[in-house]
Amino acid sequence: MGGSGRVRVSSERLSSLRSALEREKVPLLLSLTDSVDDAEAALARRAPGEVAIAIACAGATSTESRDRTSLELDQHKFLVELGARTASARTAGSLPPLAIIAQAPGAVVAEWARAESADAADAAAIMFLGGEQTGRAWADVLLGRIAPSGKLPLTLPRSADQGTGACPDLRCEYTEELLMGWKGLVGREVEYPFGHGLSYANFKYELDEPPKLLPCSDGRLSDKECSPLSPALTLSIRVVNSGSPQRTSVNMTTLAASEVVQLYLGYPTHAAEPPLVLRAFNKTRPMRAGEGQRISFTLNRRDMSVWDVTRARWRSIHGIFSVWLGSSSRDLRLNTTFDCHSGDEE
């Protein structure tokens, strides 16, 4: 990685993926190349079955004061061609599975990881700006020492033109209004949605306690007597590690895994809010297969308010709210509603 985040000093604490795997005594066949022919030839020279998995590494460079010229990784074309060639050769049994790991400063286009594509990598992972122990972190995940639990803080778009275009003028009109970032892509086809992130386990969601509105200290449900940050609503669910995904050939039932549960609100129509708004998230403890944990959420009155531009103040909203709980913005497992009849519309 370049830019101001680049570590320039030599230190024993710095760790690349190569040094981390060598530290773990993992036998490696190293090939530093951006040529698909060279990479394929290096693998083909090995005896069938001698290489368990091929790992392709890629990244992108960014810096302050200037925009990235592309949403592609620096090795984008190499990864796309490598995935296609590997998939084609694998039908003859000549090449091992392909995993791609990427380090990125933000959103990237990732057709090399497209889930429904037969020409994409067999597995893919992305890490945003890490630190001096990045290599060891990658090794822990690749070797199954720890189950990944990260979630995307943004959307990986299907194409670069899905983003908001640059404004060339001194005066810019924000015509997208509140539909910015991932909220503007709801209902559109993307590569990977906001909040997405797989693990070495599956998780089952069960509603434990439905939404419950909390009164103010004086017993009334009036926002005028309540602090905006006072608790307004509670609910809880139970999350269970239901075991390894069927597509995983390695038995991960003994590996503890965590899930990040996300709570999205759907406002009443008259609030003119985006279809979904992330209001909370909560991470479980590491759980082995069959183990479960109760996860609770508490929203305050500000969480159910909107900003009134004309009056420059927060305004509470009343009406029927929807609550969605899930593993990502497009993997919503539970849905319920509540009637917030305590709004202050003055």
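Residues numbered from 1 in each chain as written. Predicted model: local features only at pLDDT ≥ 70, side-chain atom pairs only at ≥ 80, totals over all residues. Heavy atoms only, no water.

Participant: Any chance you could explain the sheet that holds strand β1 (residues 54–59) here in plain terms?
Facilitator: Hydrogen bonding along the main chain pairs the strands of a sheet, whether they run parallel or antiparallel. Pairing is parallel across the open sheet formed by three strands, whose spatial order is β1-β2-β3. The open sheet has two free edges, formed respectively by β1 and β3 (123–128), since each of these has just one partner strand. Mean inter-strand twist for the sheet, computed between neighbouring axes without regard to direction, equals 15 degrees. Helix-sheet contacts for helix α3 (residues 76–90) involve β1 and β2 (98–104), and the interaxial angle to β2 is about 170 degrees. (Pairing = 2+ DSSP bridges. Helix = DSSP H or I, 4+ residues; strand = E, 2+ residues; numbered from the N terminus. Axes fitted to C-alpha atoms, helices over the stretch in contact; angles between N-to-C directions. Contact = heavy atoms within 4.5 Å.)

Participant: Just to check I follow, could you spell out helix α4 (residues 134–142) for this structure?
Facilitator: Structurally, the α-helix is built with 3.6 residues per turn, so residues lying three or four positions apart point the same way. Looking at α4, one finds that the buried residues are Thr134, Gly135, Trp138 and Ala139. Angular distribution of buried residues about the axis of α4 spans 135 degrees; they occupy a single face of the element. The secondary structure elements touched by the buried residues of α4 are α1 (17–23), β2 and β3. Just downstream of α4 lies Gly144, where phi reads positive at about 75 degrees. (Buried < 20%, exposed > 50% of the residue type's maximum accessible area, 1.4 Å probe, protein only. Arc of directions from axis to C-beta.)

Participant: Whenever I open this one, a nonpolar patch on the surface confuses me. Can you help?
Facilitator: Together, Ile53, Ile55, Leu142 and Leu143 give the surface a local cluster of nonpolar side chains, amounting to about 290 Å² of exposed area. Of note, Leu143 is situated in the loop between α4 and β4 (202–213). On the basis of relative accessible area, Leu143 is assigned to the partly exposed category, the value being 38%. (Patch = residues over 30% accessible without salt bridge, like charges linked within 9 Å, V, L, I, M, F, W, Y side chains within 5 Å. Areas by Shrake-Rupley, 256 points an atom, 1.4 Å probe, with all protein chains shown as cover. Salt bridge = Lys/Arg side-chain N within 4 Å of Asp/Glu carboxyl O.)

Participant: How should empty space enclosed by the protein be read in this particular structure?
Facilitator: Left-over empty space is what a probe sized like a water molecule reveals as it rolls over the atoms. All chains considered together, the criterion is met by two cavities of 30 Å³ or more. The space that makes up the second largest cavity amounts to roughly 50 Å³. Taken together, Thr155, Trp182, Leu185, Val186, Val190, Pro193, Phe194, Ser329 and Arg330 make up the lining of the second largest cavity. A class-by-class count of the residues in the lining of the second largest cavity yields six nonpolar, two polar and one charged. (1 Å grid on protein atoms, 1.4 Å probe; cavity = no way out; pocket = protein on both sides within 12 Å on 5 of 7 lines; lining within 4 Å. Points joined across faces, edges and corners; volume = space filled by probe spheres on them. Nonpolar A, V, L, I, M, F, W, Y, C, P; charged D, E, K, R; others polar.)

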